[in-house]
Amino acid sequence: PPVSNSLIFNGKIKVMAVGGPNNRRDFHIEMGEEIFYQIKGGMDLDIVVNDSIVRIHIREGEYFLLHAGIPHSPQRYPN
């Protein structure tokens, strides 16, 4: 699990704040879309596309929309 996470809103959508570095390398799938917004520093989002791993760099101030059902593994680093 993430080093620090907090459920901010839980309704039709869920809003979570997630922080800190992580060491997870496993992939998971969500049934809904996920929006990643990087407040500080950068992160990598590894996703599976056509049986290959694709790394998406999300930099400070950037958003990324991940569609539902895509296996993914967020990689956060110390800032």
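Structural data are supplied above this passage.
Rules behind the numbers
- Residues numbered from 1 in each chain as written.
- Predicted model: local features only at pLDDT ≥ 70, side-chain atom pairs only at ≥ 80, totals over all residues.
- Heavy atoms only, no water.
- Helix = DSSP H or I, 4+ residues; strand = E, 2+ residues; numbered from the N terminus.
- Rg over C-alpha atoms; globule rule 2.2 N^0.38 Å.
- Buried < 20%, exposed > 50% of the residue type's maximum accessible area, 1.4 Å probe, protein only.
- Contact = heavy atoms within 4.5 Å.
- Areas by Shrake-Rupley, 256 points an atom, 1.4 Å probe, with all protein chains shown as cover.
- Pairing = 2+ DSSP bridges.
- Axes fitted to C-alpha atoms, helices over the stretch in contact; angles between N-to-C directions.
- Core = buried A, V, L, I, M, F, W, Y, C linked by side-chain atoms within 4.5 Å.
- Polar contact = N/O pair within 3.5 Å; in protein donor to acceptor, adjacent residues only side chain to side chain.

**Q** Help me out: how do you make sense of the overall build of the chain in this one?
**A** Counting its secondary structure elements, the chain contains zero helices and seven strands. Listed by position from the N terminus, the elements making up the chain come as β-β-β-β-β-β-β. In terms of overall dimensions, the chain is globule-like: its C-alpha atoms have a radius of gyration of 12 Å, near the 12 Å expected for 79 residues. Here the chain holds 79 residues, and the buried ones make up 20% of them. Partitioning the intrachain contacts of the chain with sequence separation of at least 6 by distance along the chain shows that 54% fall at a separation of at least 24. Counting only carbon and sulfur atoms, one obtains 56% of the accessible surface of the chain, whose full area is about 5,800 Å².

**Q** Just to check I follow, could you spell out the sheet that holds strand E4 (residues 43–49) for this structure?
**A** Remark on secondary structure: sheet strands pair via backbone hydrogen bonds, oriented parallel or antiparallel. Here three strands make up an open sheet; going across it, the order is E5-E4-E7 and the pairing antiparallel. Strands with a single pairing partner mark the edges of an open sheet, and in this sheet they are strand E5 (52–58) and strand E7 (72–76). Taking each pair of neighbouring strands and ignoring which way they run, the sheet shows an average axis angle of 20 degrees. For E4 and E5, the ladder comprises seven bridges, and the chain directions are antiparallel. Following the sheet pairing, Asp-44 is matched in E5 by His-57.

**Q** What should I look at first to understand the nonpolar core in this one?
**A** Soluble, globular proteins show a tendency: their nonpolar side chains are buried together. Of all hydrophobic cores here, the largest spans seven residues; its members are Phe-36, Met-43, Leu-45, Ile-47, Ile-56, Ile-58 and Leu-66. Residue assignment for this core shows that the elements contributing at least two residues are E4 and E5. Broken down by element, the residue count for this core peaks at three residues, all from E4.

**Q** Whenever I open this one, the side chain of Asp-46 confuses me. Can you help?
**A** You can see Asp-46 is positioned in strand E4. Residue Asp-46 is classed as buried on the basis of its relative accessible area of 8%. In terms of polar contacts, Asp-46 uses its side chain to reach the side chain of Arg-55, at 2.7 Å. Excluding anything up to four places from it in sequence, Asp-46 contacts Phe-27, Ile-53, Val-54, Arg-55, Pro-71, His-72, Ser-73 and Gln-75.

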